[in-house]
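Given next are the chains, with one letter for each unit.
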Amino acid sequence: MQQLPLEAADIKKLRLRLLPFFAFAGFSGLIFAFIGFAVLGKSKDPMAFDDIAVYVFIGFGVFFFSVIGYMIWAVFADLKRGVKHRISGMVTNKRLNVHHSQTHHHNTSRNHSSKTTRHYYLYIDDEEHSVDFKHYNKAKVGMHIVLDKAPKSKMTLAMELTGQEVVDQEAHKLEGETNDKFLQTKFPDVKLTPKDEEVLKSIFKSQQKARYIWLVPTLIMLISFLANGLEGLLILFFPVVIIPAYQLFKIIRSYRTYQMSKRYGFKRGVPTIIEDKTTFTSNRSKSAQRLKTTIGVITVESVTFDQLQVGDRLVVFKPQYGKQPLSIMTMDQQEYYLY
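Engineer: Explain the overall build of the protein to me, and be specific about the residues and the numbers.
Structural biologist: If you tally the helices and strands in the protein, you get seven helices and 13 strands. Sorting the 339 residues of the protein into buried and exposed places 33% on the buried side. For the protein, the exposed area adds up to about 22000 Å²; of that, 60% sits on carbon and sulfur atoms.

In structure tokens form, the structure reads like this:
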């Protein structure tokens with residue numbers, strides 16, 4: 001990591017960063033002032049807001065503005081110090097973290113708002129650094145990059161891709177032609193093994209379980225409407241009819257596809273090339289390792305994720321009548337099952 005003086009463009013970015021902070025702080029201040037004077041200050045009912053509620057309101061306000069104040073202070077500290085950190089190296093992994101939260105209102109669980117926040121990280125030589133989405137999307141695993149960040153605010157000032165020059169144009173062109181030829185390859189169908197049948201059954205059960213989660217509650221509601229002679233209300237609550245009908249259709253079609261794939265007894269191979277790798281984390285689901293390929297995103301096990309690299313050619317095996325991958329095979333005939 002290098003420490004360098006801020007450039008004119010860096011100073012401009014930091015100053016521009018202050019504008020939304022000040023605007024948000026001013027708007028929030030007006031909201032808190034309105035609540036404080038119009039609601040708490042003028043309430044005629046002395047029991048409407050007891051001392052505890054007032055203290056909670058004040059405490060929340062102090063905490064809220066402390067966070068905003070720290071963000072503003074961090075930017076000013078970066079401007080005052082006048083330095084930035086430059087990190088250079090190879091992108092060894094990427095991580096997307098999705099955080100879901102709910103805010104309850106009026107002391108009841110029925111009134112709440114949901115918020116989803118996404119945070120993006122790049123691992124440079126296995127060290128994690130937070131970045132903006134545009135930098136996260138631009139960088140790919142295996143690339144060499146130079147990342148400039150502000151020390152206190154952690155703001156990404158600039159990112160440059162390095163080592164992208166093609167030294168041998170002829171070799172680069174040949175590799176591109178080889179990849180294009182590989183993606184057009186037609187692989188013969190392969191007979192399903194006992195492991196393939198086990199994975200196929202696991203996929204089928206997982207899909208059916210998800211469908212039943214939607215089907216059963218709405219079906220109970222539909223039966224309740226009909227049993228109580230409320231057929232007319234179904235016009236207003238039309239999703240109560242549409243959702244179970246649609247889920248039942250999907251369940252039947254999924255079962256038919258599963259049986260057809262079993263009877264056919266073969267799986268088809270689809271050529272693809274790994275374009276990028278990323279790790280997905282969330283506070284509502286377990287972590288997942290994902291490969292971005294030319295045919296879409298494939299979720300794999302951690303061991304498989306570590307062994308595969310960007311640019312690797314794969315054969316993705318799918319059932320004849322389904323879209324969900326069963327396994328992937330590398331060019332050295334190593335097969336990895338996805339379930």
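Next comes the rest of the description.
Engineer: Explain the nonpolar core to me, and be specific about the residues and the numbers.
Structural biologist: Counting residues in each nonpolar core, the largest one holds 17 residues, and the members touching the most others are Val91, Leu96, Leu122, Val131, Tyr136, Ile145 and Met159. Broken down by secondary-structure element, the contributors of at least two residues to this core are β2 (83-105), β3 (108-124) and β5 (144-149). A per-element tally of this core places β2 first, with four residues. Not counting residues within four places of it along the chain, the set of residues in contact with Leu122 comprises Val91, Asn93, Lys94, Glu127, Glu128, His129, Val131, His135, Tyr136, Ala139, Ile145 and Met159.

Engineer: Give me the lowdown on the pattern of salt bridges, citing residues and values where you can.
Structural biologist: When the charged atoms of two side chains lie near each other, side chains of opposite charge can form a pair. Scanning the entire structure with this criterion turns up eight salt bridges. In this structure, the salt-bridge partner of Arg86 is Asp148, at a minimum N-O distance of 2.8 Å. Note that Arg86 is positioned in strand β2 and Asp148 in strand β5, a separation of 62 residues in sequence. Salt-bridge contacts for Arg95 lead to Glu128; the nearest nitrogen and oxygen are separated by 2.9 Å. Taken together, the residues Arg95 in strand β2 and Glu128 in strand β4 (residues 127-131) connect sequence positions 33 residues apart. Salt bridges sharing partners connect three or more residues here, namely Glu7, Asp10, Lys84, Arg86 and Asp148.

Engineer: Describe in detail the packing of aromatic side chains, supporting the description with residues and values.
Structural biologist: Scanning the model with the defined rule gives nine aromatic pairs in all. Ring centres of Phe204 and Tyr258 lie 4.4 Å apart, and the angle between their planes is 10°; on these two criteria the pair is classed as stacked. Of this pair, Phe204 sits in helix α5 (residues 194-227) while Tyr258 is found in helix α6 (residues 239-264), placing the two residues 54 residues apart along the sequence. With respect to class, Phe204 is no different from Tyr258; both count as buried. Grouped by ring-pair contacts, the aromatic residues Tyr120, Phe133 and Tyr136 constitute a single cluster. Here Lys191 stacks its cationic end above the ring of Phe266, 5.7 Å away from the centre of that ring.

Engineer: So what about α5? Which residues, and what values?
Structural biologist: With 34 residues, α5 should reach 50 Å at 1.5 Å per residue; the first-to-last C-alpha distance of 47 Å fits that figure. Its axis deflected by about 25° at Tyr212, α5 carries its strongest bend there. Taken residue by residue, α5 has Asp196, Val199, Leu200, Ile203, Phe204, Gln208, Leu215, Thr218, Leu222 and Phe225 as its buried positions. Close packing links the buried residues of α5 with β7 (190-191), α6, β8 (266-282), β11 (313-319) and β13 (335-337). Positive backbone phi, approximately 65°, marks Gly229, located one or two places after α5.

Engineer: Give a detailed account of the packing of α5 against α6, specifying residues and quantitative values.
Structural biologist: In contact at an axis separation of 8 Å, α5 and α6 are set at 155° when each is read in the N-to-C sense. Comparing the axis directions of α5 and α6 gives the class roughly antiparallel. In terms of crossing hand, the pair formed by α5 and α6 is left-handed. Classifying every residue of the contact of α5 with α6 by side-chain character gives 18 nonpolar, six polar and four charged.

Engineer: Can you break down the side chain of Asp10 residue by residue, with the values?
Structural biologist: Of note, Asp10 is situated in helix α1 (residues 8-40). A polar contact of 2.9 Å, which involves the side chain of Asp10, links it to the side chain of Lys84. If we ignore the near neighbours within four places in the chain, the residues touching Asp10 are Lys84 and Leu157.

Engineer: Tell me about the pairing of strand β9 (residues 288-293), residues and numbers included.
Structural biologist: On a regular strand, each side chain points to the face opposite its neighbour's, so the side chains alternate between the two faces of the sheet. In terms of strand pairing, β8 meets β9 through six bridges, oriented antiparallel. When the bridges of β9 are listed, Thr279 appears paired with Gln289. Counting the residues between successive antiparallel strands, the hairpin from β8 to β9 contains five residues. Sheet analysis places β9 next to strand β10 (residues 296-300), joined by five bridges and oriented antiparallel. When the sheet's bridge partners are listed, Lys292 is paired in β10 with Val297. Two successive antiparallel strands, β9 and β10, enclose a turn made up of two residues.

The rules we used
- Residues numbered from 1 in each chain as written.
- Predicted model: local features only at pLDDT ≥ 70, side-chain atom pairs only at ≥ 80, totals over all residues.
- Heavy atoms only, no water.
- Helix = DSSP H or I, 4+ residues; strand = E, 2+ residues; numbered from the N terminus.
- Buried < 20%, exposed > 50% of the residue type's maximum accessible area, 1.4 Å probe, protein only.
- Areas by Shrake-Rupley, 256 points an atom, 1.4 Å probe, with all protein chains shown as cover.
- Core = buried A, V, L, I, M, F, W, Y, C linked by side-chain atoms within 4.5 Å.
- Contact = heavy atoms within 4.5 Å.
- Salt bridge = Lys/Arg side-chain N within 4 Å of Asp/Glu carboxyl O.
- Phe/Tyr/Trp six-rings, centres within 6.5 Å; stacked < 30°, edge-to-face > 60°.
- Lys NZ or Arg CZ within 6 Å of the ring centre and 35° of its normal.
- Expected span 1.5 Å × (residues − 1).
- Bend = angle between axes of the 7 residues up to and from the residue.
- Axes fitted to C-alpha atoms, helices over the stretch in contact; angles between N-to-C directions.
- Parallel < 35°, antiparallel > 145°, perpendicular 65-115°, else oblique.
- Left-handed = near helix turned anticlockwise from the far one by under 90°.
- Nonpolar A, V, L, I, M, F, W, Y, C, P; charged D, E, K, R; others polar.
- Polar contact = N/O pair within 3.5 Å; in protein donor to acceptor, adjacent residues only side chain to side chain.
- Pairing = 2+ DSSP bridges.

On their own, these measurements won't tell you what the molecule is for.
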